[in-house]
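Given next are the chains, with one letter for each unit.
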Amino acid sequence: MRVYVPLTLPGLAAAHQAGEIGAGPLTAYAVTPGLREWYVSDDIEELEYAALNRAASASLRLIAGNPDAARRRVVLAVDVPDGAAVADPDRSLDASALGEVRIPSSVPLTAAAAVHVDADDAEKDVTAAAAALGAADLGDDDAQFTVDGAEDHELLWFGIQEIPNLIG
């Protein structure tokens, strides 16, 4: 099963150094029944793209909570055994939890398939979006517009062997 783990660049550096992602449980995003219903598509590539974007939004929240992190969203695409990632049934109706899954333990970095990272030109919009998240969560339409501006940037694809260059 392909899951998308939201990170920051410092989080990616820590995973690279440790050879594994987190100590568990990990929050990730995947194609879940709730995401399928919300996205209304049978195209697996579109559904995986939706899960990737959910993880990118979660990465933005991690950035907002870490003032020292570079203002570039990071998502690690990882393959885990079927059943290793489980959606919380108590949150199935919560729109903020669409596609969210939990992985009970750390995941070896060797299970990663790719890294998705914002380009340098996204930093200004990601910085503004991270600062506006709190107001957007409270219903401020202008702040939500700013947050949506970060989502207009496509994450770039990098191979796992390129992690040292990304964190260097």
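First, a word on what this report is: a plain description of the structure on this page. (Residues numbered from 1 in each chain as written. Predicted model: local features only at pLDDT ≥ 70, side-chain atom pairs only at ≥ 80, totals over all residues. Heavy atoms only, no water.)

A word on the pattern of salt bridges. Per the counting criterion, the structure on display carries 5 salt bridges. The partner of Arg61 in a salt bridge is Asp137, with the nearest N and O atoms 2.7 Å apart. With Arg61 in helix H3 (residues 44-64) and Asp137 in helix H4 (residues 123-137), this pair connects stretches of sequence that are 76 residues apart. The exposure class assigned to Arg61 is partly exposed, which follows from its relative accessible area of 43%. Residue classification places Asp137 among the partly exposed positions, given a relative accessible area of 47%. Two residues, Asp118 and Arg73, come together in a salt bridge whose shortest N-O distance is 2.7 Å. Of the two residues, Asp118 sits in the loop between strand S7 (112-117) and H4 while Arg73 sits in the loop between H3 and strand S4 (74-79), which places them 45 residues apart along the sequence. (Salt bridge = Lys/Arg side-chain N within 4 Å of Asp/Glu carboxyl O. Helix = DSSP H or I, 4+ residues; strand = E, 2+ residues; numbered from the N terminus. Buried < 20%, exposed > 50% of the residue type's maximum accessible area, 1.4 Å probe, protein only.)

Next up on the list: the packing of H4 against helix H5 (residues 141-151). H5 packs onto H4 with a crossing angle of 145° between their chain directions and a minimal axis gap of 7 Å. For the pair H4 and H5, the crossing hand works out as left-handed. Here Asp125, Val126, Ala128, Ala129, Ala132, Leu133, Ala135 and Ala136 of H4 come into contact with H5, specifically with Ala143, Gln144, Thr146, Val147, Gly149 and Ala150. Residues of the contact of H4 with H5, tallied by class, amount to 10 nonpolar, 3 polar and 1 charged. (Axes fitted to C-alpha atoms, helices over the stretch in contact; angles between N-to-C directions. Left-handed = near helix turned anticlockwise from the far one by under 90°. Contact = heavy atoms within 4.5 Å. Nonpolar A, V, L, I, M, F, W, Y, C, P; charged D, E, K, R; others polar.)

What follows concerns the packing of H3 against H4. Taken N-terminus to C-terminus, the directions of H3 and H4 make an angle of 90°; their axes are 9 Å apart at the nearest point. By the angle between their directions, the pair H3 and H4 is classed as roughly perpendicular. Residues Leu60, Arg61, Ile63 and Ala64 of H3 form the contact with H4, whose own contacting residues are Val126, Ala129, Ala130, Leu133 and Asp137. A class-by-class count of the residues in the contact of H3 with H4 yields 7 nonpolar, no polar and 2 charged. (Parallel < 35°, antiparallel > 145°, perpendicular 65-115°, else oblique.)

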